[in-house]
Amino acid sequence: MLENLENDFPEHQPRPAGAPQALAGIRVVDFTHFIAGPFATMILADMGADVIKVETPGRGDDFRQYPPVHPDLAQGAPFLWANRNKRSIALDLKSPEGLAVARELVATADVVTENFSTGVMERFGLDYDSCRKLNPKLIYCSVSAYGREGAFADRLGFDPIAQAESGFVSMNGYADREGVRALSPVMDISTAMMACNAILGALVARERSGQGQAIEVALFDNALLMTGYATLQHVFSGQEPQRHGNTSPDTCPSGVFQASDCAFYINSGNNKIFQRLMAQVIERPDLAEAPQYATGAARSQRREELFAILGEAFAQQPWSHWQARMRAAGVPSGQLRSVGEAMRSPEARERRLVTRIPHPTVGWVPNMALPIRYSRTPVADPVAAPTVGQHTAEVLRETLGYDAARIARLAEAGAFGGVPHAAHETAIS
């Protein structure tokens, strides 16, 4: 599956030896699954936190099975994308012994994260009020669909539902057909970023006050925010946002154009960019200074004629010609690429955004870097996502001080799942 792609991506370049990490010494006990929670904790792990991912024995996080699943990994590419730099411990929280281990881990943690359905952590006795009795300085982050309290606390939520109910879908696509969802899980990813920001803020607050706190981030709340300034535009105008396809309702000419060999996007965000586009790129200074095109509103009213003028000009030369001219003129533009093209683009290679990292089973796996560059505390070198329970024995020994006999007794009691003891020895060794 990966054999023919090795030359596509460079090897990861290790961080400087001995460089500090921003969150070194911070421990996160992570009960989250799917995307919004795990992606948040992965950012914390990249910053140097010790993230202990608590998983159901056997199947683990259901996100492991999202396709395509590598036959030698028994987990899919999406899981690898969201779970690097973590340690996995397999605990049966329905067993008294497994739950007791989880509570001991919580007592050692700086941060606990969870995104179960409302009420699940309470039934386990792992809700915030219970956990802060074990650890008064704990920061406890809940990621939910519609909040933990109120009339909608029982509702389940996934990214496409949040896109639909927030109005986000209604804004995207073309005017002559139904709105479309973003295929990328933009609500999950942005919710993860919000959760990470909230945790970092709470860590700073605890440093100053000595006190922990509960944090809540709801997918729907974040999704409404992700509709951008359309919310306040609606309040001011009383109008619902309309679908404009690849053109912008706010700036003109902004949209997709065709060079002689491919499509590209231009964003004329202000009058000066428009003037440079016309005068320096297509060499029409007369249009740059024409009064009928002097403002964004005036240009929007003449969008079709402007697009026709530009379309005729751009069709005469290849993208390489126009790219060089627009770059020199300071006109924001970019080629329409597929995901595969973007990953292998000169820009991605220059920034080393996609690299390959070692993997003990398949040799190497691709890795997507965070868009964060610290000068003094570079992010951690990426370690591929763990298998279910890969670090159970390690965590119990190093974090809780358990010896081999105690770990064996816990395995026998079913703390790590209801499989025979011999299998447990294999799973947690």
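Below is a short write-up of the structure. Note that this is a predicted model, so its numbers are computed, not measured.

### A short note on the overall build of the protein
Here is step 1 of the chain: For the protein, the helix and strand inventory stands at 20 helices and 13 strands.
Here is step 2 of the chain: Overall, the C-alpha framework of the protein stretches about 85 × 50 × 45 Å when taken along its three principal axes.
Here is step 3 of the chain: Looking at the protein alone, contacts between residues at least 24 apart form 70% of all its contacts between residues at least 6 apart.
Here is step 4 of the chain: Counting only carbon and sulfur atoms, one obtains 54% of the accessible surface of the protein, whose full area is about 21,800 Å².
Here is step 5 of the chain: Positive and negative side-chain charges of the protein, numbering 40 and 47 respectively, have mean locations separated by a distance of 5 Å.

### Section: the sheet that holds strand β11 (residues 333-335)
Here is step 1 of the chain: Strand order across the open sheet formed by three strands is β9-β10-β11, with antiparallel pairing between neighbours. Strands at the two margins of the open sheet, each flanked by one partner only, are β9 (254-258) and β11. For this sheet, the mean angle separating the axes of adjacent strands, direction not counted, is 25 degrees.
Here is step 2 of the chain: Taken together, the three bridges between strand β10 (residues 263-267) and β11 define a ladder with antiparallel strand orientation. In the sheet register, Phe264 faces β11, and the bridge partner there is Gln335.
Here is step 3 of the chain: The strands that helix α15 (residues 319-329) touches are β10 and β11; relative to β11, the one it contacts most, it runs at about 155 degrees.

### Remarks on the packing of helix α11 (residues 271-281) against α15
Here is step 1 of the chain: The interhelical angle for the contact between α11 and α15, taken along N-to-C directions, is 130 degrees, at an axis separation of 10 Å. Considering the angle they form, α11 stands oblique to α15. Classified by chirality, the crossing of α15 by α11 is right-handed. Contacts from Arg276, Leu277, Gln280 and Val281 in α11 reach Trp322, Arg325, Met326 and Ala329 in α15.
Here is step 2 of the chain: For the contact of α11 with α15, the residue count by class is five nonpolar, one polar and two charged.

### Structural notes on helix α14 (residues 303-314)
Here is step 1 of the chain: Counted at 1.5 Å a residue, the expected span for α14 with its twelve residues is 16 Å, and the 16 Å between its end C-alpha atoms agrees.
Here is step 2 of the chain: Looking at α14, one finds that the buried residues are Arg303, Leu306, Phe307, Leu310 and Phe314. Angularly, the buried residues of α14 cover 95 degrees about the axis, an arc narrow enough to put them on a single face. Pointing more than 90 degrees away from the buried face of α14 are the exposed residues Glu304 and Glu312.
Here is step 3 of the chain: Buried positions along α14 lie against β9, β10, α11, α13 (296-301) and α15.

### Brief notes about the pairing of strand β5 (residues 86-90)
Here is step 1 of the chain: Along β5, five of the five residues are buried, which leaves the element largely enclosed by surrounding structure.
Here is step 2 of the chain: As defined by bridge partners, strand β2 (residues 50-55) adjoins β5 across five bridges and the pair is classed as parallel. Paired with Ile52 across the two strands is Arg87, which belongs to β5.

### Brief notes about the environment of Leu126
Here is step 1 of the chain: Residue placement: Leu126 occurs in the loop between α4 (120-124) and α5 (128-134).
Here is step 2 of the chain: In this structure, the C-alpha to C-alpha distance between Leu126 and Leu99, residues 27 residues apart in sequence, is 8.9 Å.
Here is step 3 of the chain: Sequence-distant contacts of Leu126, defined by excluding residues within four places in its chain, comprise Phe31, Leu93, Leu99, Ala102, Arg103, Val106, Met121, Cys131 and Tyr140.

### Structural notes on unusual backbone geometry
In terms of backbone geometry, most residues other than glycine have negative phi values and most peptide bonds are trans.
Here is step 1 of the chain: Cis rather than trans, the peptide bond between Pro67 and Pro68 has omega equal to 0 degrees.
Here is step 2 of the chain: The backbone phi angle of Glu283 is positive, close to 60 degrees, even though this residue is not glycine.
Here is step 3 of the chain: By the element assignment, Glu283 lies in the loop between α11 and α12 (285-288).

### Structural notes on the sheet that holds strand β7 (residues 139-144)
Here is step 1 of the chain: The parallel open sheet is built from six strands, whose spatial order is β5-β2-β1-β6-β7-β8. Edge positions in the sheet fall to β5 and β8 (213-218), since each of these pairs with one other strand and no more. When strand polarity is set aside, the average angle formed by the axes of neighbouring strands in this sheet is 20 degrees.
Here is step 2 of the chain: Bridging between β7 and β8 involves six bridges; their strand directions are parallel.

Rules and cut-offs
- Residues numbered from 1 in each chain as written.
- Predicted model: local features only at pLDDT ≥ 70, side-chain atom pairs only at ≥ 80, totals over all residues.
- Heavy atoms only, no water.
- Helix = DSSP H or I, 4+ residues; strand = E, 2+ residues; numbered from the N terminus.
- Contact = heavy atoms within 4.5 Å.
- Areas by Shrake-Rupley, 256 points an atom, 1.4 Å probe, with all protein chains shown as cover.
- Lys, Arg positive; Asp, Glu negative; His and termini not counted.
- Charge placed at Lys NZ, Arg CZ, Asp CG, Glu CD.
- Pairing = 2+ DSSP bridges.
- Axes fitted to C-alpha atoms, helices over the stretch in contact; angles between N-to-C directions.
- Parallel < 35°, antiparallel > 145°, perpendicular 65-115°, else oblique.
- Left-handed = near helix turned anticlockwise from the far one by under 90°.
- Nonpolar A, V, L, I, M, F, W, Y, C, P; charged D, E, K, R; others polar.
- Expected span 1.5 Å × (residues − 1).
- Buried < 20%, exposed > 50% of the residue type's maximum accessible area, 1.4 Å probe, protein only.
- Arc of directions from axis to C-beta.

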